[in-house]
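So the chains spell out like this:
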Amino acid sequence: MSAEHSAAEMLRTLLGDVALARGAVARGDVQQDELLPVLARAAFFYPVFNGWPSPVQDWLEELTTVAARQGNDDLVHMARVRTAVVRMRLGDFVGATELLASTEVGSITNRVRQWTVVTRARVAVRSGHLDDAARLVADARAILLDDNDWLTTLVEVADAERLLEGNEIEEAEEAFLRALTHLSRELLEERILALQALGFVYISQADASNAVKYLGDARELLRGAGIWPEVIQMNLVLGALSLPLGDRASAAELFDEAIALCQEHKQPQYEGVLKVMRARVHAAERDTSAAIAATLDAAGAFAEHGQAVSYMGMIAFLSELYLRRNEPEQAYETLLTGVSIAKRLGLPRGESALRSRIQRLRQIVLGPQRFDAMVESILRRKRSELERGRSEL
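Residues numbered from 1 in each chain as written. Predicted model: local features only at pLDDT ≥ 70, side-chain atom pairs only at ≥ 80, totals over all residues. Heavy atoms only, no water.

### With respect to a negative patch on the surface
Then comes step 1: Together, Glu-168, Glu-170, Glu-171 and Glu-174 give the surface a local cluster of negative charge.
Then comes step 2: Structurally, the position occupied by Glu-174 is in helix H9 (residues 169–182).
Then comes step 3: Of the residues examined, Glu-174 reaches a relative accessible area of 48% and is grouped as partly exposed. (Patch = residues over 30% accessible without salt bridge, like charges linked within 9 Å, V, L, I, M, F, W, Y side chains within 5 Å. Areas by Shrake-Rupley, 256 points an atom, 1.4 Å probe, with all protein chains shown as cover. Salt bridge = Lys/Arg side-chain N within 4 Å of Asp/Glu carboxyl O. Lys, Arg positive; Asp, Glu negative; His and termini not counted. Charge placed at Lys NZ, Arg CZ, Asp CG, Glu CD. Helix = DSSP H or I, 4+ residues; strand = E, 2+ residues; numbered from the N terminus. Buried < 20%, exposed > 50% of the residue type's maximum accessible area, 1.4 Å probe, protein only.)

### With respect to helix H11 (residues 208–225)
Then comes step 1: Compared with the 26 Å implied by 1.5 Å per residue over 18 residues, the 25 Å span of H11 between its first and last C-alpha is a close match.
Then comes step 2: Among the residues of H11, those classed as buried are Ala-208, Ala-211, Tyr-214, Leu-215, Ala-218, Arg-219, Leu-221, Leu-222, Gly-224 and Ala-225.
Then comes step 3: Those residues of H11 hidden inside the fold are in contact with helix H1 (3–27), H9, helix H10 (188–204), helix H12 (228–242) and helix H13 (248–264).
Then comes step 4: Looking one or two places after H11, you find Gly-226, whose phi comes out positive at around 70°. (Expected span 1.5 Å × (residues − 1). Contact = heavy atoms within 4.5 Å.)

### Topic: the confidence of the model for the chain
Then comes step 1: When pLDDT is averaged along the chain, the result is 88; 95% of the residues meet or exceed 70.
Then comes step 2: Within the chain, the lowest mean pLDDT, 75, falls on helix H16 (residues 308–324), and the highest, 96, falls on helix H7 (residues 130–141). (pLDDT = per-residue confidence, 0-100.)

### Looking at unusual backbone geometry
Then comes step 1: Non-glycine residue Ala-206 carries a positive phi angle of around 60°.
Then comes step 2: Of note, Ala-206 is situated in the loop between H10 and H11.

### Points about the packing of helix H8 (residues 153–165) against H9
Then comes step 1: Taken N-terminus to C-terminus, the directions of H8 and H9 make an angle of 160°; their axes are 8 Å apart at the nearest point. Relative to H9, the element H8 is oriented roughly antiparallel. Considering how the two elements wind past one another, H8 and H9 form a crossing that is left-handed. Across the interface between the two elements, Thr-153, Glu-156, Val-157, Ala-160, Glu-161, Leu-163 and Leu-164 from H8 touch Ile-169, Glu-171, Ala-172, Ala-175, Phe-176, Arg-178, Ala-179 and His-182 from H9.
Then comes step 2: By residue class, the composition of the contact of H8 with H9 is nine nonpolar, two polar and four charged. (Axes fitted to C-alpha atoms, helices over the stretch in contact; angles between N-to-C directions. Parallel < 35°, antiparallel > 145°, perpendicular 65-115°, else oblique. Left-handed = near helix turned anticlockwise from the far one by under 90°. Nonpolar A, V, L, I, M, F, W, Y, C, P; charged D, E, K, R; others polar.)

### Here's the deal with the pattern of salt bridges
Pairs may arise between side chains of opposite charge once their charged atoms sit close together.
Then comes step 1: Tallied over the entire structure, the rule returns 32 salt bridges.
Then comes step 2: The residue Arg-381 makes a salt bridge to Glu-333 at a minimum N-O spacing of 3.3 Å. Residue Arg-381 is located in helix H19 (residues 368–392), and its partner Glu-333 is located in helix H17 (residues 328–345); the two are separated by 48 residues in the primary sequence.
Then comes step 3: Take Glu-333: its relative accessible area is 21%, and that puts it in the partly exposed class.
Then comes step 4: Salt bridges here are not isolated pairs; linked through shared partners, they connect Arg-82, Arg-89, Arg-122, Arg-126, Glu-161, Glu-189 and Glu-190.

### Regarding H12
Then comes step 1: Across its 15 residues, H12 extends 20 Å between first and last C-alpha, which sits within 8% of the 21 Å expected from 1.5 Å per residue.
Then comes step 2: Of all 15 residues in H12, 12 are buried; the element is thus mostly enclosed.
Then comes step 3: When we look at burial in H12, the residues that qualify are Trp-228, Pro-229, Glu-230, Val-231, Ile-232, Met-234, Asn-235, Leu-236, Leu-238, Gly-239, Leu-241 and Ser-242.

### So, the packing of aromatic side chains
Then comes step 1: Using the criterion set out here, one finds seven aromatic pairs in the structure.
Then comes step 2: An angle of 85° between the planes, with centres 5.5 Å apart, marks the rings of Phe-44 and Trp-115 as edge-to-face. Residue Phe-44 is located in helix H2 (residues 35–45), and its partner Trp-115 is located in helix H6 (residues 110–126); the two are separated by 71 residues in the primary sequence.
Then comes step 3: Overall, the relative accessible area of 10% leaves Phe-44 in the buried class.
Then comes step 4: Centroid distance Tyr-332 to Phe-371: 5.3 Å. Interplanar angle 85°. Geometry classified as edge-to-face. Taken as a pair, Tyr-332 in helix H17 and Phe-371 in helix H19 lie far apart in primary sequence, 39 residues in all. In this structure, Tyr-332 and Phe-371 share a single accessibility class: buried.
Then comes step 5: Following the ring pairs from residue to residue traces out a cluster consisting of Phe-44, Phe-45, Trp-115 and Trp-150. (Phe/Tyr/Trp six-rings, centres within 6.5 Å; stacked < 30°, edge-to-face > 60°.)

### Brief notes about the side chain of Gln-114
Then comes step 1: Here Gln-114 is to be found in helix H6.
Then comes step 2: In this structure the side chain of Gln-114 is engaged in a polar contact, spanning 3.2 Å, whose partner is the backbone oxygen of Ala-140.
Then comes step 3: There is a polar contact of 3.0 Å between the side chain of Gln-114 and the backbone oxygen of Ile-143.
Then comes step 4: Setting aside chain neighbours within four positions, we find Gln-114 in contact with Ala-140, Ile-143, Leu-145, Leu-151, Thr-152 and Val-155. (Polar contact = N/O pair within 3.5 Å; in protein donor to acceptor, adjacent residues only side chain to side chain.)

Printed below as a string of structure tokens:
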């Protein structure tokens, strides 16, 4: 079974187990305390990613309520730490810190204590407090747990994140590789993040092959989990990496899939960039007509979503494609249109950049004499069209 299918099956099982356990409690077949381990497993292992819905927060609230009613303080504290992890994932570092502070009481077990300290370290990394993170990682290492406990590897993950944020790239690479070796398969969220981090480590080292490997593994797990905004981003990065590796077919397939996912799951913020990349695939294949069509499509997506600066970039790229097809008149008229739009939108830098391209077209690409003759030809044609239109009235 592929990693994608394994991930999907695991999450289906978690969802199903919660529904079955709730039903059994409602029917009176089992006591409510038997719901606790099912809820805990689901809440701890079902992934949470920013910008995509997840049942985890509802499960955590239910878990906390039931555990408190049953007098299970350890599980109440574990739920609080997991809630802090979720807040960290969603970028609420203040909320995460407050929850973790409220968990630090004398009665907690070593498991809760280590998870609390590790999570504090990870929040510190994301808040830019790397010295605090280093101290907290050392504190977490000093809290001994069973080697088979799924929590133990999170210390290594926290240290790897600290090293990466501190730009200690080689050390971070080694730490993430060690963590991946020991991370429980159930920790899907952590495996995805570690794979993504390794992918970007290899990008920073200009090692495209390894970057594709680890980001591809992350993409497969994300597809299984159905975290579509993350899948779209992985497709974008993997497609961009595939182009310099000469694998234009894979790049095109990744971009096309991501564009379809944008439309299916309403993620318009990525659509324009993906269409730009699709145009670049056509350009690399020297299919200029298809590249022009794709660029116009991308420009339309940027315009539709009010991304004016990106739209200006498409105007410039489109003019270059027309030049590649030896159509300088189309290139010039495209740039003139862009100047007019930039002026109307109040984008002086965009207007200046496009005017510079017109100057380059005149001085370098065509030369002043040929350029002036082209402009005069365009003006004559437009005057003729205008006169013809008047006569038809």
